[in-house]
Amino acid sequence: MTPYPPSLERVIQSLVKLPGIGQKTARRLGFFLLTAEKEDVIEMAKSLEDLTKYIQFCENCHSIAEGSLCEICKDPHRDQGTICVVEEPADIFIFERTGFRGLYHVIGGVLSPLDGVGPDDLNLQDLLKRASTAKEIILAINASIEGETTTLFLTKLLADQDVTVTRLARGLPVGGNLEYVDDLTISRSLSERVKVNNG
Amino acid sequence: MLTSTDAIALKVTPYSESSLIVQLFTRDLGKVTVIAKGARRQKNPAGAILEPMSLLTVDFYHKTSRDIQTLKDVSLASGALKIRRDLKKLSLGLAITEVIAGVIAEDDPAPILFRLTWKVLQSLETTEGFDHLLFLFFLLQLAIHTGFKPNLETCSSCGKVLKTAVFSNNSGELECPSCNRETGLVLGGHGLAMLRKLTVTHIENLGELTGPREETENAVSFLTAFLEFHIEGLHKLKAPEILRQIGI
């Protein structure tokens, strides 16, 4: 038997479903909402409702969009020949911060034999179609084991297409200290070292 | 109690903002689940090496009353650079981790299976040209060491010498085509001969075995079905289907 009124209890149970929020934090947030400005709470509820109403997946790149195409796909000033392939829509915003001006394609996950995620579960057919008109495909997938598997699979899949396929470099982080870098990254940095003079 | 042992990482799951839950196959304690606190922080090198298939040396605080142990330290015992650059090796390695995770039990040491898995993953990294054969070797040795060695010599129904074998979906045994008219998995003469040779071949000498690749792949499907039938933890393996979809 919960000691809270049903409407507050419903809010707490909804908040608990969010990542990183436990019962205690959900209770604290629930009580905060009770004391917050009524307009702010209604605005928050409305924005959450709008999120479910208007956000959908872009038909072209599978990122999030309001409408059939996302803002990036709609922008004619972007480099239409370069497509950066990412796992999730959230990854796009990481690359946007760098000033990258190409297009994106969200595959929606990575191949994971352990979890039963295969090529049919990812947005790969659309990528193949888009690759036929692209100049370069950048595989910007995480460097985890599953990510590497996906990168290698995509390389194989795109081998027959007339397009340059690249992937993100693996190595030391900028400003990083060698002391904090793991053995695998050091080995990889060594084997993929780059020439810095013309000798 | 602080325990130090070699371990193979089987499954890694992010936990909270910065930690990882890692399922390990340890040399001394069998399957152990540990929490690696802070492993996902940028300055923590553990995150990069705590990946499925990694061959590790781990130190963790072990308490039998706890389901999840606390990882203190981890280092890479053997690198896996070549595996990470080869789709076939990566996929087969992941399939090996799925299979072994289904066989071993929590806090139940299985030193022979540990040695087998460690050696096969190491060979996958260091050898070239017979990755499927290594996977087949792993499956066969796994069957043998878990007490389910398939009878590759005679039909389990009529006792005649097998020239071609059909996998029986009813008994889980090998039968001759006269006794079994199911349209299931059929292993030809080459495949049978290969499996027979493989039972007496040392891992170091696998390169000497030759055979058509299709027969090796067929034998892999055959043994996978055999293991799925006999070992409870291996019902409905996901990796073989994904390997097929990837084209491995």
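Per chain, the residues get numbers from 1 upward, laid out in the order the sequence is written. Chain letters and ligand numbers both follow the written order, the letters beginning at A and the numbers at 1. In view of the model being predicted, local features appear only for residues whose pLDDT reaches at least 70, and side-chain atom pairs are presented and counted only at 80 or more, with totals across whole chains, interfaces and linings using the full set of residues. By convention in this description, side-chain values take in all heavy atoms of the structure and omit both hydrogens and water.

Asks: What is the right way to look at the overall build of chain A in this model?
Replies: A run of H or I in DSSP counts as a helix once it spans at least four residues, and a run of E counts as a strand once it spans at least two, with each numbered from the N terminus. Across its full length, chain A holds eight helices and six strands. Along its sequence from the N terminus, chain A presents helices and strands in the succession α-α-α-β-β-α-β-α-β-α-β-α-β-α. Every radius of gyration here is taken over C-alpha atoms, with the globule rule written as 2.2 Å times N^0.38, N being the number of residues. Taking 16 Å as the expected radius of gyration for a compact globule of 199 residues, we find that chain A reaches 22 Å, considerably beyond that expectation. Dimensions of chain A, computed from the C-alpha atoms along their principal axes, are close to 75 × 45 × 35 Å.

Asks: Help me understand the packing of helix H2 (residues 87–103) of chain B against helix H7 (residues 239–246) of chain B, please; the structure alone is not making it clear to me.
Replies: The axes of two packed helices give the description: the angle between them and the distance between them. Residues and elements named next belong to chain B. Axis definition: a line fit to C-alpha positions, over the contact stretch in the case of helices; interaxial angles, taken between N-to-C directions, run 0 to 180 degrees. Contact pair H2 / H7: the axes reach a minimum separation of 9 Å and the direction vectors enclose 165 degrees. Taken together, H2 and H7 sit at an angle that is classed as roughly antiparallel. When the axes of H2 and H7 are compared, the crossing they make is right-handed. For the pair formed by H2 and H7, the contact residues are Leu87, Ser91, Leu92, Ala95 and Glu98 on the first element and Ala239, Pro240, Leu243 and Ile246 on the second. A per-class count over the contact of H2 with H7 returns seven nonpolar, one polar and one charged. An angle below 35 degrees is read as roughly parallel, one above 145 as roughly antiparallel, one from 65 to 115 as roughly perpendicular, and any other as oblique. Crossing handedness follows the turn of the near helix against the far one: under a right angle anticlockwise gives a left-handed crossing, and clockwise gives a right-handed one. By the convention used here, residues are in contact when the closest approach between their heavy atoms is within 4.5 Å. By the convention adopted, Pro, Cys, Tyr, Trp, Phe, Met, Ile, Leu, Val and Ala count as nonpolar, Lys, Arg, Asp and Glu as charged, and the other residues, Gly among them, as polar.

Asks: Explain the nonpolar core to me, please; I cannot follow it from the model alone.
Replies: Buried Ala, Val, Leu, Ile, Met, Phe, Trp, Tyr and Cys residues form a nonpolar core when they are joined through side-chain atoms within 4.5 Å. When accessible area is computed with a 1.4 Å probe and restricted to protein chains, residues below 20% of their type maximum are described as buried, those above 50% as exposed, and intermediate ones as partly exposed. By size, the foremost hydrophobic cluster in this structure holds 102 residues, and its most contacted members are Ile137 of chain A together with Phe25, Leu136 and Phe138 of chain B. In terms of residue count, the dominant contributor to this core is helix H4 (residues 131–145) of chain B (ten residues). Discounting chain neighbours no more than four positions away, the residues touching Ile137 of chain A are Ile83, Val85, Leu127, Ala131, Leu158, Val163, Thr164, Val165 and Thr166 of chain A. Within the second largest apolar cluster, 21 residues are counted, among which are Leu20, Ala36, Leu71 and Leu81 of chain B.

Asks: How do you make sense of the domain arrangement of chain A when you look at a structure like this?
Replies: Along its sequence, chain A is carved into domain 1 (6–38) and domain 2 (75–195). Computed over C-alpha atoms only, the centres of domain 1 of chain A and domain 2 of chain A are separated by 38 Å. Residue ranges for the domains originate in an automatic or database domain assignment.

Asks: Sorry, what's going on with empty space enclosed by the protein here?
Replies: If you roll a probe as big as a water molecule over the atoms, it shows you where there is empty space left. Residues and elements named next belong to chain B. With a 1 Å grid spanning the protein atoms alone, the term cavity applies to any set of points in which a 1.4 Å probe fits but cannot get out, the term pocket to an open set with protein on both sides within 12 Å along at least five of seven lines, and the term lining residue to any residue with an atom within 4 Å of a point. Grid points are joined across faces, edges and corners, and a volume is the space filled by probe spheres set on the points. Evaluated as defined, the whole model comprises two cavities of 30 Å³ or more. Its volume calculated, the largest cavity comes out at about 50 Å³. Contributing to the lining of the largest cavity are Met53, Leu55, Ser78, Gly79, Ala80, Ile83, Leu121, Gln122 and Glu125. At three residues, helix H3 (residues 111–126) tops the list of elements feeding residues into the lining of the largest cavity. Taken as a whole, the second largest cavity encloses approximately 40 Å³ of empty space. Across the lining of the second largest cavity, the residue classes tally to five nonpolar, one polar and one charged.

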